[in-house]
Amino acid sequence: MQKDNAQELAQTRKTLKELLVKELSLEDINPEDIKDDEVLFVEGLGLDSLDAVEIVVLLQRNFGLEVKDLENRRDIFYSIDTLAKYIYENRKNI
Amino acid sequence: MNKQEKINKKRGNKLGFWFFRAALQLFGLPGAYGLLYFVCLYYLLFDRPAVSSSMAYIKRRFKAYNAFQKTLCVYNLFINQGKNLIDRYYILSGLGEFDIEIQGYDKIQNLLSSSQKGVILLTAHVGNWQVTMTVLKRLEKTVYLLMSPEENMAVKKTLSVDSDNEKIRIISSGNFLGGVIEIMKVINEGSLVSIMGDRSDGYPSAEAYFLGEKADFPYGAFSIAAAAQCPVVILLSAKVSTRKYVADVSHVIFPRYSSRNKKHEEISAWVQEFAGVLEGYAEKYPFQWFVFRDLWKKNIEK
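These numbers were taken from a predicted model, which means no experiment stands behind them.

A.B. asks: Give me the lowdown on the packing of helix α3 (residues 48-61) of chain B against helix α4 (residues 67-92) of chain B, citing residues and values where you can.
C.D. replies: All names here are of chain B. Packing of α3 against α4 leaves a shortest axis separation of 9 Å and a crossing angle of 115°. Between α3 and α4, the angle falls in the class roughly perpendicular. Handedness of the α3/α4 crossing: right-handed. Listed contacts from α4 to Val-51, Ser-54, Met-55, Ile-58 and Lys-59 of α3 are Lys-70, Cys-73, Val-74 and Leu-77. Counted by class, the contact of α3 with α4 contains six nonpolar, one polar and two charged residues.

In structure tokens form, the structure reads like this:
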């Protein structure tokens, strides 16, 4: 059971990386180059607030998450790892 | 205290405000306006940063003018800015009201009634947006103003925002991720969000032709609208007589990406459309341009 959860979380991270590269048009970056614990905004991947807009849309469209639940959740948007954990725990089947 | 704060402090001290308040209460609007001619002359002679930031606009708006005529234009700009500040205090202190005509009011009402979503009001530091904002209370929707933490206090005082009874609230651009998630949330709830579209000040920006040269404008409003699937309504106000303002909300842009690969091109086109509307405004009301930034600077340095 624990192994299944770990596998699902790893799959969520992989999907998330692929979606970020595709939806944010991150040129010269391969999904597998993004580290799980890499900081997403400003440092690390260097995303900005307008990329956050795209991420919110991506989370709504692909994982059924709602904007109102994402407000003031600085912790979620820290890295791929934190984002994937949140998706894993809160995703809705769409 | 940073350089800008020092300049602002020098420009508006307590004695100065007291002087204008007293003139307004004793002699009314015309009396207070009269004082401006002396005060603005002082700023024209001694406030070099203010003159220089205004000149960037004046020299492009009035290309054929000589240096003396351009300086007179800057003086005129300062006087009109002073009138705006007096008008704001006039309303705030309950001394009287202005007649405010909204052009395109039906359009914004229709947009709000035909969708569950709100709209983005894209505005600029022209005319007197704080005064016209009070009229948007008629829409009976909450209006959120996106602004930097340092602008918050001044605007809170003018519009008495964030109190329980008020329909005008502030989203600070100093919040996490510049407040964009909060903006998307309130738009989904059907509210209006007012965003300034003239000063890029380090925010992501795109180039557009403005008064004949490439200038920089922030594109956040369009990016958010495309994501939130809401319209962008351009709101520009102007003082047309001593006691009358006009606010125009008739120009609406519906930002939607046609494909992922064309995002930058499409954003540039929307920014150019906005710059075109601003240029029309500058043609019509040349002395109500209170942006006080050199929008062309980045492109000159390139």
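A.B. asks: Can you tell me about the confidence of the model for chain A, naming the residues and giving the values?
C.D. replies: Across chain A, the average pLDDT comes to 87, with 94% of residues at 70 or higher. Looking at the elements of chain A, mean pLDDT is at its lowest for helix α3 (residues 67-70) of chain A, recorded as 85, and at its highest for helix α4 (residues 80-90) of chain A, recorded as 92.

A.B. asks: Could you give me a rundown of the nonpolar core, with the residues and numbers involved?
C.D. replies: One finds A:Val56, B:Ile120, B:Leu122, B:Met184, B:Val193, B:Ile224 and B:Val271 to be the most contacted residues of the largest nonpolar core, which totals 84 residues. The contact partners of B:Val271, leaving out residues within four places of it in the chain, are B:Ala206, B:Ala208, B:Phe217, B:Tyr219 and B:Phe222. Counting residues in hydrophobic clusters, the runner-up holds 17 residues, among them B:Tyr33, B:Ile58, B:Tyr90 and B:Trp289.

A.B. asks: Talk me through unusual backbone geometry; I want residue IDs and the actual numbers.
C.D. replies: All names here are of chain B. In this structure, Glu-140 takes a positive phi of about 55° despite not being glycine. You can see Glu-140 is positioned in the loop between α6 (129-135) and β3 (143-147). Residue Glu-140 is classed as exposed on the basis of its 8 C-beta neighbours within 10 Å. Of note, the phi angle at Leu-177 is positive, near 55°, even though the residue is not glycine. Positionally, Leu-177 belongs in the loop between β4 (168-172) and α8 (180-188). With 23 C-beta atoms counted inside 10 Å, the residue Leu-177 sits in the buried group.

A.B. asks: Go over the environment of A:Leu9, please, and point to the residues and values.
C.D. replies: Residues and elements named next belong to chain A. Checked against the element boundaries, Leu-9 lands in helix α1 (residues 2-23). Leu-9 sits 72 residues away from Asp-81 along the chain, and the two C-alpha atoms are 8.9 Å apart. Residues within four places of Leu-9 in sequence aside, it is in contact with Ala-84, Lys-85 and Tyr-88.

A.B. asks: If you had to explain the sheet that holds strand β1 (residues 99-103) of chain B to someone new, which residues and values would you point to?
C.D. replies: All names here are of chain B. Spatially, seven strands are ordered β1-β9-β8-β2-β5-β3-β4 in an open sheet, and the strand pairing comes out mixed. Looking at which strands have only one partner, the edges of the open sheet turn out to be β1 and β4. Strand after strand, the sheet turns through a mean of 25° between neighbouring axes, direction not considered. Running at roughly 140° to strand β5 (residues 192-196), α8 makes contact with β3, β4 and β5 of the sheet.

A.B. asks: Pulling in residues and values, what's your account of the confidence of the model for chain B?
C.D. replies: In the predicted model, chain B carries a mean pLDDT of 87, and 88% of its residues have values of at least 70. Taken over the whole predicted complex, pTM reads 0.88, whereas the ipTM for its chain interfaces reads 0.83.

The rules behind these values
Residues numbered from 1 in each chain as written. Chains lettered and ligands numbered in written order. Predicted model: local features only at pLDDT ≥ 70, side-chain atom pairs only at ≥ 80, totals over all residues. Axes fitted to C-alpha atoms, helices over the stretch in contact; angles between N-to-C directions. Helix = DSSP H or I, 4+ residues; strand = E, 2+ residues; numbered from the N terminus. Parallel < 35°, antiparallel > 145°, perpendicular 65-115°, else oblique. Left-handed = near helix turned anticlockwise from the far one by under 90°. Contact = placed C-beta atoms within 7 Å. Nonpolar A, V, L, I, M, F, W, Y, C, P; charged D, E, K, R; others polar. pLDDT = per-residue confidence, 0-100. Core = buried A, V, L, I, M, F, W, Y, C linked by C-beta atoms within 7 Å. Buried ≥ 20, exposed ≤ 12 C-beta atoms within 10 Å, placed from the backbone. Pairing = 2+ DSSP bridges.

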